[in-house]
Amino acid sequence: MITHDDRCRCPWVDMKKPDYVAYHDREWGVPVHDDRILFEFLTLESAQAGLSWYTILKRRDAYRSAFAEFDPAAVARFDASTVQDLLQNPGVIRNRKKIEAAVVNARQFLTVQDEFGSFDAYIWRFVNGKPILNVIRSDADYPATSPESGALSRDMRQRGFVFVGPTICYAHMQATGMVNDHTLDCFRRQEIIDGKR
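Residues numbered from 1 in each chain as written. Predicted model: local features only at pLDDT ≥ 70, side-chain atom pairs only at ≥ 80, totals over all residues. Heavy atoms only, no water.

With respect to the packing of helix α2 (residues 35-48) against helix α10 (residues 166-175)
Where we set the bar: Think of each axis as a best-fit line through the C-alpha atoms, taken over the contacting stretch in the case of a helix, with angles from 0 to 180 degrees between the N-to-C directions. The numbering of helices and of strands both runs from the N terminus, where a helix is a DSSP run of H or I of at least 4 residues and a strand a run of E of at least 2. An angle below 35 degrees is read as roughly parallel, one above 145 as roughly antiparallel, one from 65 to 115 as roughly perpendicular, and any other as oblique. Two helices that cross are described as forming a left-handed crossing if the nearer one is turned anticlockwise from the farther one by less than a right angle, and a right-handed crossing if clockwise. Residue contacts are defined here by distance: any two heavy atoms, one from each residue, within 4.5 Å place the two residues in contact. The classification used treats Ala, Val, Leu, Ile, Met, Phe, Trp, Tyr, Cys and Pro as nonpolar, Asp, Glu, Lys and Arg as charged, and all other residues, Gly among them, as polar.
For the pair α2 and α10, the least separation of the axes is 10 Å and the interaxial angle reads 140 degrees. When the axes of α2 and α10 are compared, the pair comes out oblique. Note that α2 runs across α10; the crossing there is right-handed. Listed contacts from α10 to Leu38, Phe41, Leu42, Glu45 and Ser46 of α2 are Ile168, Ala171, His172 and Ala175. Among the residues forming the contact of α2 with α10, the class breakdown is six nonpolar, two polar and one charged.

And the structure:
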């Protein structure tokens, strides 16, 4: 159990990292229905593959600047020259496949928006439009994937998205509140259920 200001938090929160605590307290698990924010998390989660979330979180502002404030239409227009510039940018993970994945995913994101009216309308179908409430008591209870993240991963890959395996999709679902994985004793669990941002 982690406490701070008499409030209990999820066991993964490193209390020595204020930005990590703030992310947990303000964003993680809050239902997101804004397409730009959904694209932001898709881009960041894909960049995270094989790395810690904190590694990406520390670079979030640099990613925001490098990836056109996470405007999918702008990122979809990135060309080989832009990718080459990004490979020289110390603020982002300089992995060609991950950078190219962001561009590919932006293009597919726009296609999904055209088909469904919004990416939000597309992705929330995988949880029937409402967050899944998991029973999490300790680190050992956190799943890495779920049937829903597996289904989302398969569908996204069929649509041409890349770096969207079941684990990345599950992390995306956690971050954007499609699942509420706050522990039973975490103060944010009930606040999010009650709709408190």
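Back to the text.
Here's the deal with the environment of Ile56
Formally: For every residue, the accessible area obtained with a 1.4 Å probe (protein chains only) is divided by the maximum for its type, and the residue is called buried under 20%, exposed over 50%, and partly exposed between those limits.
Residue placement: Ile56 occurs in helix α3 (residues 53-57). Residue Ile56 is classed as buried on the basis of its relative accessible area of 0%. C-alpha of Ile56 to C-alpha of Asp19: the two residues are 37 residues apart in sequence and 12 Å apart in space. In this structure, Ile56 is in contact with Leu44, Ala47, Gln48, Leu51 and Ile93, ignoring residues within four places of it in sequence.

What to know about the packing of aromatic side chains
Selection criterion: What counts as a ring pair is set by centres within 6.5 Å for rings of Phe, Tyr and Trp (its six-membered ring), and what kind of pair is set by the plane angle: stacked under 30 degrees, edge-to-face over 60, tilted for all other angles. Criterion for a charge above a ring: Lys NZ or Arg CZ within 6 Å of the ring centre, and within 35 degrees of the ring normal.
Taken as a whole and judged by the stated rule, the model has 13 aromatic pairs. Measuring from ring centre to ring centre gives 5.2 Å for Phe39 and Phe109, while their planes differ by 70 degrees; the resulting arrangement is edge-to-face. With Phe39 in helix α2 and Phe109 in helix α7 (residues 96-116), this residue pair connects regions lying 70 residues apart in the sequence. In terms of burial, Phe39 and Phe109 fall into one category: buried. With a centroid separation of 5.2 Å and 55 degrees between ring planes, the pair formed by Phe116 and Tyr122 is classed as tilted. The exposure class of Phe116 is partly exposed, given its relative accessible area of 25%. The class for Tyr122 is buried, based on a relative accessible area of 0%. The ring of Phe187 carries the charged tip of Arg7 above its face, separated from the ring centre by 4.2 Å.

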